[in-house]
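Observations on chain architecture
Listed here are the chains, written in short residue letters.
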Amino acid sequence: MTTDEVVLDEPTEIYTAYFHTVQELTEALTAADTLGLGVRVESYTVTAEDDPDSQTTEFKFTLLAEQPEHSEEA
């Protein structure tokens, strides 16, 4: 079996939240760590409708039932 054929089971998602600040994200990460739960975090850029030159970074936080498996590639 090659590495391309290996399929890892995805952890069960408990919920997804969207945060506007790093402080909100940090609080959620701390809580998940305290409970021993896994997380997935994605960041994205949002452009204000009224000011196309203004952009902010926001975060998608997904709480997982367990820690995801991490495999390191050589």
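In what follows, the accompanying structure is described. Nothing here was measured: the structure is a model prediction, and the numbers come from that model.

Analysis parameters
- Residues numbered from 1 in each chain as written.
- Predicted model: local features only at pLDDT ≥ 70, side-chain atom pairs only at ≥ 80, totals over all residues.
- Heavy atoms only, no water.
- Helix = DSSP H or I, 4+ residues; strand = E, 2+ residues; numbered from the N terminus.
- Contact = heavy atoms within 4.5 Å.
- Expected span 1.5 Å × (residues − 1).
- Core = buried A, V, L, I, M, F, W, Y, C linked by side-chain atoms within 4.5 Å.
- Buried < 20%, exposed > 50% of the residue type's maximum accessible area, 1.4 Å probe, protein only.
- Salt bridge = Lys/Arg side-chain N within 4 Å of Asp/Glu carboxyl O.
- Pairing = 2+ DSSP bridges.
- Axes fitted to C-alpha atoms, helices over the stretch in contact; angles between N-to-C directions.

1. Remarks on the environment of V46
Mapping V46 onto the fold places it in strand β2 (residues 38–47). Distance in space between the C-alpha atoms of V46 and T57 is 6.2 Å, their sequence separation being 11 residues. If near-sequence neighbours (up to four positions away) are discounted, V46 is found in contact with S54, Q55, T56 and E58.

2. Remarks on helix α1 (residues 22–35)
With 14 residues, α1 extends 20 Å between its outermost C-alpha atoms, agreeing within 8% with the 20 Å of an ideal straight helix rising 1.5 Å per residue. Against β1 (13–19), β2 and β3 (55–64) lie the buried residues of α1. Directly beyond the C-terminal end of α1, a positive phi value near 75 degrees is found at G36.

3. Observations concerning the nonpolar core
Membership of the largest hydrophobic core is limited to nine residues, which are A17, F19, L25, A28, A32, L37, F59, F61 and L63. Counting only elements with at least two residues in this core, the list comes to β1, α1 and β3. Those residues within four positions of F19 in sequence are excluded, and the remaining contacts are E24, L25, A28, E58, F59 and F61.

4. Quick word on the pattern of salt bridges
Evaluated as defined, the whole model comprises one salt bridge. Salt-bridge contacts for E13 lead to R40; the nearest nitrogen and oxygen are separated by 3.1 Å. Of the two residues, E13 is situated in strand β1 and R40 in strand β2; the sequence distance between them amounts to 27 residues. Under the relative-accessibility criterion, R40 is labelled partly exposed at 26%.

5. Things to note about the pairing of β3
In this structure, β1 lies alongside β3, joined through six bridges in antiparallel fashion. Along β3, the bridge assignment pairs E13 with L64. Bridging between β2 and β3 involves 10 bridges; their strand directions are antiparallel. Bridged to G38 within β3 is L64.

6. A look at the sheet that holds β1
If you walk across this open sheet you meet the three strands as β1-β3-β2, and the pairing is antiparallel. For this open sheet the edge positions go to β1 and β2, each flanked by a neighbour on one side alone. The average angle at which neighbouring strand axes cross in this sheet is 20 degrees, direction not considered. The strands that α1 touches are β1, β2 and β3; relative to β3, the one it contacts most, it runs at about 15 degrees.

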